[in-house]
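Structural overview
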Amino acid sequence: MVMRWIETPPAINAPAHPPLDALLAARLQLHADRPETPDNAWWSVMLDLRDVSLEGLAAQLPAQDFLIPSVYSPVDRQAAQGRRLVAVFIRHKLLLELNETGRTLGIVAIKDGMIHPDDMMDLDARFVDPTPIQLDKKSVVMAVIDDGIAIANNVFRDGVCSSRVAFSWVMAAGRGHGESAPETIGRSFDKAKIDRYLTQHTYCDLLDEAAFYHETGQIDFQNGEFSPVSLRRSHGTHIAAVAAGHPMEEGLQTRPMICVSLPPRVTADTTGQSSFPAIALALQSLHHQASRFRIGDKPAPVVLNFSFGNYSGPHDGTGEIEALFQQFLDQAGAQVRQLVLPAGNGNLTQTHAEVTFPDDDRKTKTLTLQDPTDDRTATHIQMWMPRTQKAENFVTLSVCPPVGPTSPVLKTDGSGVLSYDLVDEQGMLARLSYSRAPDPIGRGLVTLTLAPNSSLTKNAPTAPAGQWTVAVTPDEIAPPNGAKGLFLPLNSVQVWVRRDETLPGFDPGGRQAQLDDRNYQRFGKYGLPLATDPMGTKSLVRRAGSLSGFACGASPIVIGGAIANQLEVSPYSASGPITPVSEHADGTDPLTTRTGPNAVARADDSLILSGIISAGSHSGSFVRLSGTSVAAPGIARLLADELSEGLKPDLQKIAGGVTRTGQGFIPVNLHLTNLPYPILEPFGHVDP
């Protein structure tokens, strides 16, 4: 088997264009090597449009290859001014073309999702204008986006056959499931339909939950989709119960729920790449659903919890996902909307590095990536250049695999060859590519993509496992310069390894690659993991700046995790600050200013009893989950309580905590006793 580096051939039979998304080009190439990916396969895709409407874009493309989902109203489809982030469905062949030619149509960025089988889609689904819903005073609408939300659990009901869930979209449900509103993918259910299924499957006041979830398509072993709700513990149920669970016996009427259950395949792809279109669809759907609720003549307040995150992205508040969240908040009009996100669990994962070149150290620096064996999914590393008005050759890079030749040198100013592939007789093993993200990101991005190093498919291309090295040589990059009020330096190359692991209950596949550095100090003098970078560390691998790539925008409320009995931040809880970006070389007037999570909340009862208790998938069951994902919904719950009283939420009052930022701590009052087990208390004491 002979490996060699070649210039990446164009994806279409036309003169080569810089792709809109180099990672997308690599992912499509990996899929193109699979015989089960035909040219007519439907992909979910998120588009970043500028001054073009969905209808206008569709008019320029083949109708049989481009589909606007049913979550977009006629007004949504015709909106054309400014920037809009939308999700659509595009066939494989057209997606290849648009990634290289989309700029001429008003597309400035593309984020691919996943392939959707034709028999799981309703190509004729159309937007249905939701009817208004009047609520009682002190009502707050609780919205949740997650996976595996067991909507029939009794903590989401106000009676035996009466649900508090006013709307639920199950994205993975097959077309034939139940009396449901048509959606382009999946099926949605309003309260009336949910109540009808509750009545249909309740006997002697006991619900046959398996039959109910089969009716809604949440448990269906025939469609090939994994069913998280079929497990004793499902992430979405646990999170939704912390945020909005109440004893059924209370008959609570003031916390209606709207939710979207993401497809399990989106959750299984822990890189987060597949989630962008699904998140865009979920937010657009919840925007229309949230707008239904009124208290008198005023819109009811809404609190949305989204306990997902990822390791990649620009981490400077300017990325597509931050813009997507801001778009949802800006659509609110007069409605009060709060979005709560977790800080992430990547503080100790060794997936972030920072490369700088001071005046006294302008030598080549080497990043070492440990790619573990038996990794059946692709590995992706992003290396972000500083923000500038135009591309500059800040550094040059080359890659050396564990075995085989070193790559040619790649420039970072867009000149010369933009992409190299490592290939053998079986196909592409790795790709090293450069692209420049459009404004407002305005940064160069070098992406290293490694094919899976293990496969059950005969003759599939597999990358060598082991130690990959990336040589980073300074060119036009200036010495580091601290940004005013922030900790991370300007003029640095920020590196992130995408999350890549196998979640409990899902098919095995991914294994997390890590950055290695002999100067990285993992443990303190007493053997506990170090939660902050030692002062003066010479390691390129850093904990500072490990905040989730979803949580870098200015508007969402970002929550870290804390250990309740020690009143300390959980060691895994990701830290700020985000990467500073500024129009000025001295760092003044930064475009983004987030220094870390807004606050922390209970995520662990103790170092031994990790996690907190909340509802299991089936009524009456309780399970334990840990992470910042379970801390965020606790704050969402408290925000709703504040909003119901007409108060402006004060995070330091209702949450408090210690939020880890940079190489130190920012102390504020800690009131973790505000987060007991709210859904358990009415059932008596539960020993955690």
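This report concerns the structure included in the present document. In this text the structure is predicted, and so the values were computed from the model without any measurement.

1. Section: the overall build of the protein chain
Helix and strand content of the protein chain: 12 helices and 39 strands. Counting every position in the protein chain, which comprises 688 residues, the buried fraction comes to 61%. Once local pairs closer than 6 in sequence are excluded, the contacts in the protein chain between residues at least 24 apart make up 76%. A total of about 26300 Å² of accessible surface is found on the protein chain, and carbon and sulfur atoms cover 52% of it.

2. So, the sheet that holds strand S2 (residues 42-50)
Spatially, S3-S4-S2-S5 is the arrangement adopted by the four strands of the open sheet, whose pairing is antiparallel. At either margin of the open sheet sits one strand with a lone partner, and together these are strand S3 (66-67) and strand S5 (107-116). The pairing of S2 with S5 spans seven bridges and is classified as antiparallel. Among the inter-strand pairings, Asp48 is bridged to a residue of S5, identified as Ala109. Strands in contact with helix H4 (residues 92-101) are S2, S3, strand S4 (83-91) and S5; relative to S4, the strand with the most contacts, it is inclined by about 140°. Against the sheet, helix H10 (residues 320-330) touches S2, S4 and S5, its axis set at about 110° to S4.

3. Some details on the layout of surface pockets
Taken as a whole, the second largest pocket encloses approximately 960 Å³ of empty space. In this structure, the second largest pocket is lined by 37 residues; those nearest its centre are His235, Arg499, Leu503, Pro504 and Ser629. Broken down by secondary-structure element, the contributors of at least two residues to the lining of the second largest pocket are helix H8 (264-268) and helix H11 (628-644). In terms of residue class, the lining of the second largest pocket is made up of 12 nonpolar, 20 polar and five charged.

4. Comments concerning the sheet that holds strand S28 (residues 466-474)
Overall, antiparallel pairing links the five strands, which are arranged S24-S23-S28-S21-S32 in an open sheet. At either margin of the open sheet sits one strand with a lone partner, and together these are strand S24 (410-411) and strand S32 (514-516). As defined by bridge partners, strand S21 (residues 365-371) adjoins S28 across seven bridges and the pair is classed as antiparallel. Residue pairing in the sheet places Thr368 in a bridge with Thr469 of S28.

5. Concerning the packing of aromatic side chains
On inspection of all chains with the given rule, the structure shows eight aromatic pairs. Relative to Tyr197, the ring of Phe189 lies with its centre 6.0 Å away and its plane at 70°, an arrangement referred to as edge-to-face. Side by side, Phe189 and Tyr197 carry an identical accessibility label, which is buried. On the numbers, 6.4 Å between centres and 80° between planes, the contact of Phe325 with Phe550 is edge-to-face. Pair noted here: Phe325 is in helix H10 and Phe550 is in the loop between S32 and strand S33 (557-563), with a separation of 225 residues, a long-range link. Three or more aromatic residues joined by ring pairs make a cluster, and in this case those are Phe276, Phe306, Phe308, Phe325 and Phe550.

6. Regarding the packing of helix H5 (residues 191-200) against helix H6 (residues 209-216)
Closest axis-to-axis distance for the H5/H6 pair is 9 Å, and the angle between their directions is 145°. When the axes of H5 and H6 are compared, the crossing they make is right-handed. Within the contact between the two elements, H5 uses Ile194, Tyr197, Leu198 and Gln200 and H6 uses Phe212, Glu215 and Thr216. The residue makeup of the contact of H5 with H6, split by class, is four nonpolar, two polar and one charged.

7. A look at the side chain of Thr267
Relative to the assigned elements, Thr267 resides in helix H8. Excluding residues within four positions of it along the chain, Thr267 makes contact with Asp147, Phe308, Leu503 and Phe506.

8. Looking at empty space enclosed by the protein
In this structure the tally under the stated criterion is six cavities of 30 Å³ or more. A volume near 290 Å³ is recorded for the largest cavity. Lining the largest cavity are 28 residues, with Asp21, Lys111, Glu320, Trp384 and Leu445 positioned closest to its centre. Looking at the lining of the largest cavity, the elements that each hand over two or more residues are helix H1 (22-32), S5, H10, strand S22 (379-387), strand S26 (427-436) and strand S27 (443-450). Top contributing element to the lining of the largest cavity by residue count: H10, with three residues. The residue inventory of the lining of the largest cavity, partitioned by class, reads 13 nonpolar, nine polar and six charged.

Parameters at a glance
Residues numbered from 1 in each chain as written. Predicted model: local features only at pLDDT ≥ 70, side-chain atom pairs only at ≥ 80, totals over all residues. Heavy atoms only, no water. Helix = DSSP H or I, 4+ residues; strand = E, 2+ residues; numbered from the N terminus. Buried < 20%, exposed > 50% of the residue type's maximum accessible area, 1.4 Å probe, protein only. Contact = heavy atoms within 4.5 Å. Areas by Shrake-Rupley, 256 points an atom, 1.4 Å probe, with all protein chains shown as cover. Pairing = 2+ DSSP bridges. Axes fitted to C-alpha atoms, helices over the stretch in contact; angles between N-to-C directions. 1 Å grid on protein atoms, 1.4 Å probe; cavity = no way out; pocket = protein on both sides within 12 Å on 5 of 7 lines; lining within 4 Å. Points joined across faces, edges and corners; volume = space filled by probe spheres on them. Nonpolar A, V, L, I, M, F, W, Y, C, P; charged D, E, K, R; others polar. Phe/Tyr/Trp six-rings, centres within 6.5 Å; stacked < 30°, edge-to-face > 60°. Left-handed = near helix turned anticlockwise from the far one by under 90°.

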